[in-house]
Amino acid sequence: MATKDIRRHHRIPYVGPVRLSWEDQGRAKFIMAKCVDISETGLRVEVSEPIPIRTNLQLRAERINLGGSASVKHCVRYGAKYLLGLELSQLLQEKTLTMVREPWALRSQLQAR
């Protein structure tokens, strides 16, 4: 029996580096993540350490010219790594909306790099 996909938005596979930064108890933290996919409202990324749910962070994905703020919506262990669901700020949602609705825009950004 197939399980029903209950996601609100279509996801586009995208594998690329994403730099994440946030504050943890007043100390600045940074980590390089690997993006797994993109939707209109968020990213799914793979990281080497867990980041608490509701953490506000900054992200930068140079290859697709995407940067700004997001928050951690979920964090699950995946083998030796962790998968994070990031909800993008409203401003970033507008940028990703173009990439998701017009996949050629994402491809052209990647080819230009």
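Only a predicted model underlies this, so the values are computations on that prediction, with no experimental measurement involved.

**Re the overall build of the protein chain**
At step 1: Within the protein chain, the secondary structure is distributed over two helices and six strands.
At step 2: The helix and strand sequence of the protein chain, counted from the amino end, reads β-β-β-β-β-β-α-α.
At step 3: Among the 113 residues that make up the protein chain, the fraction classed as buried is 39%.
At step 4: Considering only contacts within the protein chain whose residues lie at least 6 apart along the sequence, 53% involve residues at least 24 apart.
At step 5: With an accessible surface of roughly 7300 Å², the protein chain has 51% of that area assigned to carbon and sulfur atoms.

**Quick word on the sheet that holds strand 1 (residues 12-24)**
Picture the strands of a sheet paired through backbone hydrogen bonds; they go either parallel or antiparallel.
At step 1: Pairing is antiparallel in the closed barrel, where six strands are placed in the order 1-2-3-6-5-4. The sheet shows a mean angle of 45° between the axes of neighbouring strands, taken without regard to direction.
At step 2: Pairing of strand 5 (residues 66-78) with strand 6 (residues 81-88) involves eight bridges; the strand directions are antiparallel. From the neighbouring strand, Val 76 faces strand 6, where its bridge partner is Leu 83.

**Focus on the confidence of the model for the protein chain**
At step 1: Across the protein chain, the average pLDDT comes to 83, with 73% of residues at or above 70.
At step 2: Looking over the protein chain, one finds the lowest element-wise mean pLDDT in helix 2 (residues 103-112), namely 55, and the highest in strand 6, namely 96.

Rules of the game
Note that residues are indexed from 1 along each chain, following the sequence as it is written. Reporting of local features is limited, given that this is a predicted model, to residues whose pLDDT is at least 70; pairs of side-chain atoms are given and counted only at 80 or more, and all residues count toward the totals for whole chains, interfaces and linings. Side-chain figures throughout are based on the complete set of non-hydrogen atoms in the structure, without hydrogens or water. Counting from the N terminus, the helices are DSSP H or I runs at least four residues long and the strands are E runs at least two residues long. A 1.4 Å probe rolled over the protein chains alone gives each residue an accessible area, and that area as a share of the maximum for its type sets the label: buried under 20%, exposed over 50%, partly exposed in between. Only heavy atoms matter for contacts: two residues are in contact if any of them lie within 4.5 Å across the pair. Only the protein chains shown count as covering a residue, and every accessible area follows the Shrake-Rupley method with a 1.4 Å probe. DSSP bridges decide pairing: two strands pair if at least two such bridges lie between them. The convention used is that axes are lines fitted to C-alpha atoms, helices contributing only their stretch in contact, and that angles between N-to-C directions extend from 0 to 180 degrees. Confidence scores here are pLDDT values: one per residue, from the predictor, ranging 0 to 100.

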